[in-house]
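Close look at the chain arrangement
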Amino acid sequence: MKTKMDYEDIRKSPFITWLAEVYKRSERKEKVIGIELGVFKAAHAEYIMESIDIEKLYLIDPYEAGYEGEIADDIPEARDFAAKRMSKYGERIQWMYNDGNEALKKLAVKGVKADFIYIDGKHDYTSSLSNINHAVALVKDKGFVAGHDYLIRSNPPIEVKKAVDDFLKDKPYKFFTAGSPIPDWWFRISRNLWMREKTRIMLGILAEKDMSYLLQRAMINNGNDGQGVMLDLMFYLDNWFNHDNEEKTIEGKC
Ligand SMILES: C[S@@+](CC[C@H](N)C(=O)[O-])C[C@H]1O[C@@H](n2cnc3c(N)ncnc32)[C@H](O)[C@@H]1O
């Protein structure tokens, strides 16, 4: 269970401490765009601002009654407390008093791309998994999706660990966790790794199903253009998946 004291301890988030070090070592020049989902009294948000050279930090929290957990009674006063605490950062902060997924969708429509998103809103399985999915769509290549409470607990339910593990099951991203007794979790988005993993799976299907004629076809179409071959193969296989695995459908579409 988080106690009120824990909320000030959140200031020392292992993810943010680690990220600040990564940016320092890489001598990063560009300023950072970050998002925190679930802000409460802004202990973590303030630590982000103190640790990283932030251009803009979007702070998302609906501050609605009905939140589960021991902080429920403090939610109404938390909004004003956090606003006051963060006011010293002026335009570098942007508040969004919305549900997390709704806010992330709005940011996506505006074309915002974040270097990191830290998730600490609702902790049940469904909310956690959908927050992660919305976050991934907003994070830049080589950016981070992170959060608090890499745990399983009941009453009120904390199922973040299961949601993170399930999300990552078929993804090639590098995963990190640190902190005790309430660990942070984070992974780095890599479109390159994702592409490699897709290619590996695709080649496996080609071999297993003896669909080498597709490879031949892609090579005839593209000659020595490796990227063209891969793109054609993806197109063929995508059709194959989307048409009840009928090989003749691919033939028809090729
Ligand atoms: C565990 S607290 C966050 C603690 C915070 N990270 C800190 O530094 O202390 C969870 C917060 O999530 C917020 N919350 C509740 N429902 C939410 C939702 N649908 N989307 C985003 N945040 C939500 C609550 O209002 C609450 O302030």
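Cut-offs used in this document
- Residues numbered from 1 in each chain as written.
- Predicted model: local features only at pLDDT ≥ 70, side-chain atom pairs only at ≥ 80, totals over all residues.
- Pairing = 2+ DSSP bridges.
- Helix = DSSP H or I, 4+ residues; strand = E, 2+ residues; numbered from the N terminus.
- Axes fitted to C-alpha atoms, helices over the stretch in contact; angles between N-to-C directions.
- Near = placed C-beta within 6 Å.
- Nonpolar A, V, L, I, M, F, W, Y, C, P; charged D, E, K, R; others polar.
- Right-handed = clockwise from strand over helix to strand, strands pointing away.
- Buried ≥ 20, exposed ≤ 12 C-beta atoms within 10 Å, placed from the backbone.
- Arc of directions from axis to C-beta.
- Contact = placed C-beta atoms within 7 Å.
- pLDDT = per-residue confidence, 0-100.
- Parallel < 35°, antiparallel > 145°, perpendicular 65-115°, else oblique.
- Left-handed = near helix turned anticlockwise from the far one by under 90°.

Topic: the sheet that holds strand β3 (residues 93-96)
Read from one edge to the other, the open sheet built from seven strands follows the order β3-β2-β1-β4-β5-β7-β6, with strand pairing classed as mixed. The open sheet has two edge strands with one neighbour each: β3 and β6 (175-178). Direction aside, the axes of adjacent strands within the sheet are offset by 15° on average. Across four bridges, strand β5 (residues 139-147) lies against strand β7 (residues 184-188) in antiparallel orientation.

Considerations on the site of the ligand
In the vicinity of the ligand there are 21 residues, among which Gly38, Phe40, His44, Gly100 and Gly121 approach most closely. Of all the elements in the fold, those that place two or more residues in the shell around the ligand are α3 (43-51) and α4 (75-86). Partitioning the shell around the ligand into residue classes produces 12 nonpolar, four polar and five charged.

Some remarks on unusual backbone geometry
With an omega of -5°, the peptide bond running from Asn155 to Pro156 counts as cis. With respect to the helices, strands and loops of the structure, Pro156 is situated in the loop between β5 and α7 (160-168). For the bond from Ser180 to Pro181, the omega torsion is 5°, close enough to zero to count as cis. Structurally, Pro181 can be placed in the loop between β6 and β7.

Details of the pairing of β3
Where strand β2 (residues 54-60) and β3 come together, four bridges link them in parallel fashion. Its bridge partner lying in β3, Leu59 is registered against Trp95. Between β2 and its parallel partner β3, the chain crosses via α4, and the hand of that crossover is right-handed.

Observations regarding the pairing of β5
Pairing between strand β4 (residues 114-119) and β5: five bridges, direction parallel. By the bridge assignment for β5, Tyr118 is matched with Ala146. Handedness of the crossover joining β4 and β5 through helix α6 (residues 125-138): right-handed.

Looking at α3
Inspection of α3 places His44, Ala45 and Ile48 among the buried residues, and these make up the whole buried set. Looking down the long axis of α3, one finds its buried residues gathered within 105° of arc, a one-sided arrangement. Those residues of α3 that are buried lie in contact with α2 (14-25), β1 (32-37), β2, α4 and β4.

Quick notes on the confidence of the model for the chain
Per-residue pLDDT for the chain has a mean of 87; in total, 90% of the residues score no lower than 70. Scored below 50 in pLDDT, residues 244-254 makes 11 contacts in the model with residues more than four places away or belonging to other chains.

As for the packing of helix α5 (residues 100-109) against α6
Helices that pack against each other are described as a pair by the angle of their axes relative to one another and the distance between those axes. One way to put it is that α5 packs onto α6 with a least axis distance of 10 Å and a crossing angle of 15°. One way to sum up the angle between α5 and α6 is to call them roughly parallel. Judged by the twist between their axes, the crossing of α5 over α6 is left-handed. Counted together, Gly100, Asn101, Leu104, Lys105, Leu107 and Ala108 of α5 and Ser130, Asn131, His134, Ala135, Ala137 and Leu138 of α6 form the full contact between these two elements.

Re the packing of α6 against α7
Here α6 crosses α7 at 40°, and the two axes come no closer than 8 Å. It follows that α6 is oblique to α7 by the angle criterion. The handedness of the crossing between α6 and α7 is right-handed. Here Tyr125, Ser128, Leu129 and Ile132 of α6 lie close against α7, whose contacting residues are Val160, Lys162, Ala163, Val164, Asp166 and Phe167.

Describing the environment of Ile158
Along the chain, Ile158 turns up in the loop between β5 and α7. For Ile158, a count of 24 C-beta atoms within 10 Å puts it in the buried group. As for Ile158 and Lys122, which are separated by 36 residues in sequence, their C-alpha atoms are 8.4 Å apart. Beyond its immediate chain neighbours, meaning those up to four positions away, Ile158 contacts His123, Asp149, Leu151, Ile152 and Arg153.

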